[in-house]
Every structure is written in C-alpha cells, then in structure tokens.
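# Analysis of the macromolecular model
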Amino acid sequence: MKAQIHSGARGKAGGIKVCSNDTEIERAAEALLGKKLATHQTGPAGKLVSRLYIEEATDIAKEIYLAFVMDRSIERIMVVASAAGGMEIEEISAKQPDTIIRVSVDPAVGMQQFQAREVAYGLGVDPEIINKLVPTIMACYRAFRDLDATMVEINPLVVTKDKQLLALDAKMSFDDNALFRRPHIAELRDKSQEDPRETYASDRGLAYVGLDGDIGCVVNGAGLAMATLDMIKLAGGEPANFLDIGGGASPERVAKSFKAVLKDKNVKALLLNVFAGINRCDWVAKGVVDAVNDLDIKLPVVVRLAGTNVEEGRRILDESGLTVITAETLAEAAQKAVAAAKSGATQ
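Residues numbered from 1 in each chain as written. Predicted model: local features only at pLDDT ≥ 70, side-chain atom pairs only at ≥ 80, totals over all residues. Heavy atoms only, no water.

## Focus on the environment of phenylalanine 258
Inclusion rule: Strands here mean DSSP runs of E at least two residues long; helices mean DSSP runs of H or I at least four residues long; both are numbered from the N terminus. What makes two residues a contact is simply this: any of their non-hydrogen atoms within 4.5 Å.
You can see phenylalanine 258 is positioned in helix 8 (residues 251-261). Considered as a pair, phenylalanine 258 and arginine 189 are 69 residues apart in the sequence and their alpha carbons are 25 Å apart. If we ignore the near neighbours within four places in the chain, the residues touching phenylalanine 258 are Val218, Leu270, Leu272, Val288, Ala291, Leu295, Ile297 and Val301.

## Observations regarding helix 9 (residues 281-294)
Our working definition: A helix is expected to span 1.5 Å for every residue after the first. Buried, partly exposed and exposed residues are distinguished by accessible area as a fraction of the type maximum, computed with a 1.4 Å probe on protein chains only: under 20%, between the cut-offs, and over 50%, respectively.
With 14 residues, helix 9 extends 20 Å between its outermost C-alpha atoms, agreeing within 8% with the 20 Å of an ideal straight helix rising 1.5 Å per residue. Looking only at helix 9, the buried set comprises Cys281, Asp282, Val284, Ala285, Gly287, Val288, Val289, Ala291 and Val292. As for helix 9, its buried residues are in contact with helix 8, strand 14 (269-276), strand 15 (301-307) and helix 10 (310-318). Following helix 9 by one or two positions, aspartate 296 adopts a phi angle in the positive range, close to 50°.

## Topic: helix 7 (residues 222-234)
An α-helical segment advances 3.6 residues per turn. Residues three or four places apart therefore align on the same side. The condition that has to hold: The directions considered for the arc run from the helix axis to the C-beta atoms.
Taking 1.5 Å per residue as the helical rise, helix 7 with its 13 residues ought to reach 18 Å, and the 18 Å between its terminal C-alpha atoms agrees with that figure. Looking at helix 7, one finds that the buried residues are Ala225, Thr228, Leu229 and Ile232. Taken around the axis of helix 7, the buried residues stretch over an arc of 100°, which confines them to a single face. The exposed set on the far side of helix 7, more than 90 degrees from its buried face, consists of Gly223, Asp230 and Leu234. Buried-residue contacts for helix 7 involve strand 12 (215-219), strand 13 (241-244), strand 14 and helix 11 (330-343). Where helix 7 terminates, the next one or two residues include glycine 236, which has phi positive at roughly 95°.

## Concerning the UniProt feature "binding site: Mg(2+)" (unreviewed entry) in the chain
As a reminder of what qualifies: UniProt positions are given in the numbering used here, feature names are shortened, and annotations may be inferred rather than shown by experiment. What qualifies as a polar contact is a pair of N or O atoms within 3.5 Å, subject to a donor-acceptor requirement within protein and to the restriction that residues adjacent in sequence count only when both atoms come from side chains.
Under the present numbering, the feature "binding site: Mg(2+)" (unreviewed entry) in UniProt falls on Asn155 and Asp169. Sequence-distant contacts of asparagine 155, that is, excluding residues within four places in its chain, are made with Ile64, Tyr65, Gly85, Gly86, Met87, Glu88 and Asp169. One can find aspartate 169 in the loop between strand 9 (165-167) and strand 10 (170-174). For aspartate 169, a relative accessible area of 16% puts it in the buried group. Excluding residues that lie within four positions of it along the chain, aspartate 169 makes contacts with Lys2, Arg10, Glu153, Ile154, Asn155 and Pro156. In this structure the side chain of aspartate 169 is engaged in a polar contact, spanning 2.6 Å, whose partner is the side chain of arginine 10.

Spelled out as structure tokens, the structure:
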C-alpha cells in the first residue's frame, strides 16, 4: 500500500506499508488516509494523504533506476540509468557514481534501438531481460516525447525472480505550456498536492512560485522578478514569492496578483516593481489603487514604476489618498520594503 503524495522517500517516512491480509490493509489505510506525510522533500509541513495505491507485492531479484529528463545544458533528452535502483538518484550519485549511465538523444532522429541496447547492457542484466528492457526503454522515450513530458522516472524498475520486468513506481512531470493539447493529462492534476498559493495563481494565469520569506513581490517580466528577489536579499530581507504578472498587466490583473500574494499569511509588506514597455504605468497604478481599496490592504505597499506613462502613474498614486510608499529605483524599493516588513508598519 502506497500513499499517493507528490514526493519521493515515502517509504522512509512510513508512507509504504506491506500487508498480508485484509485486516492489515484496513489498518494501514486507516493509519494513512487523512494524515500528513512528511518527507525530506515535502519539508516539515508534509502533504495530505487523500489517495492510496494498492498493488500485489513483488518477489524482486534486481532493482534498476531509469529516467528520461531534459538536459538544458545540451538541449537534448538525457537517459539516466543505474543498476542501483530503489534509491534516490541523489543518493546513487553520492554513493555509487560509477553505476550511473548517461545517454543523450539527438532530437533530429530520436532515440535509437542501439542506444536502448547500450543502456540495457550497461545495467548488467541477463540477455533474456535485455530483450524485454529495450522495448521498455523505447516506450518510455515515446511517452516522454508524445506527451510533452519534462521527466519520466521509473524507480525501481525491477526484474522479478521469474524473469519478468515490472515498473513498481513511476513519476512523470509535464510542460505546463503544453497541457492545453493534453487534456487527458491535465485531468489527472491533483490540486490537494500543490501549494495552495501556486494553485490559486496558476488558475488565474499568473506565473507564481511560493517562497519562505515575508515580502510579497509583484513584478512584470521573469528577469526583472529574479532581479527583484536578489535585491531584496541584498537589502537584508526575504522574498515571499516569485510572481510575474506578464506583459499586458491590466488593472484587473494587478488586483489578482495582489490577491494571490496575500494568500500567503506570512507576508508583511508588498513590493510592486514594474518597468513598463508593453505595459503602461498608469494602468498599473490604477490596479494598485483598486487592489488596495477593494482588498482593504493594511500592509505597507511599496511601488516602483518606470517606463511608459510613468509620470501619469505616479500622479494617480499621489492623488489616490493612499499611503503607498514610492521609490525611484529598484534598490530603493527593496530597501524600503525590507524596512517596512521589519518595522511591521501598517497603513
């Protein structure tokens, strides 16, 4: 019985139970369902167990690690395999680095049979297993390619004592930007396993990643957002999130962004940093005013605007009657946001 949470190392955390009869299955299910399972990947908060997977126990002769991942440094799919299956790849890399096999796939021709045989031979399995392993490797590649995956990992892929090949555990991740053409994959999404802040933002078309700090960030452009996080750290603070509102930030979109950031109860100050090109600073400023009024925001709000219609944007903020903290530069904005978060000032 396996707890179906989005995390590895479930066995070490007590999320995998071996049962020998119906009574033990019932007790294991009762012990797991509705509980938080904490692994080193989930952190202390853990993840709620709302689904269980029950399968027949397997008589294992050999465990194999097999994965397909995107290697962005060479812009190719990389096959990673090891005869030391059953362990996490980080543990294999640290303890048995010599067992790791890597084969890159040329995107012009795709994975070839000889490459799959090369991986199979490198794993040291019996010849009769190679004939089963090669089609499995090729099928994993096709699944990766045809389903717009970013990772396919089988760990462990086992050889049983009766010479069968079984995938006992598998994980896949997918390109979010391609899910619109894979509705059967999108339907499998389990929002209970996601950060609720990220779920709220993604459902509204916002690029959001939750962090552990207390300064909420609303920025246009991924590069500027990363620079904003760096500047907050440099100023002695901790960002609460990455959020890119995109190039066409309407007042409504700015308000949605503020609402997404405020889903994090640890946020003590808000920093909006916009360099308007496609955007317009007056649109953004109107969005700030609407958000502060409609959401009744009591936290300090620091706003740095630059670019198209910046003077009009600043005028809207000045005439709004709100005690918004303005800044001319990113460095100044970060310093003011850090100071406001530390002081606990409210409007």
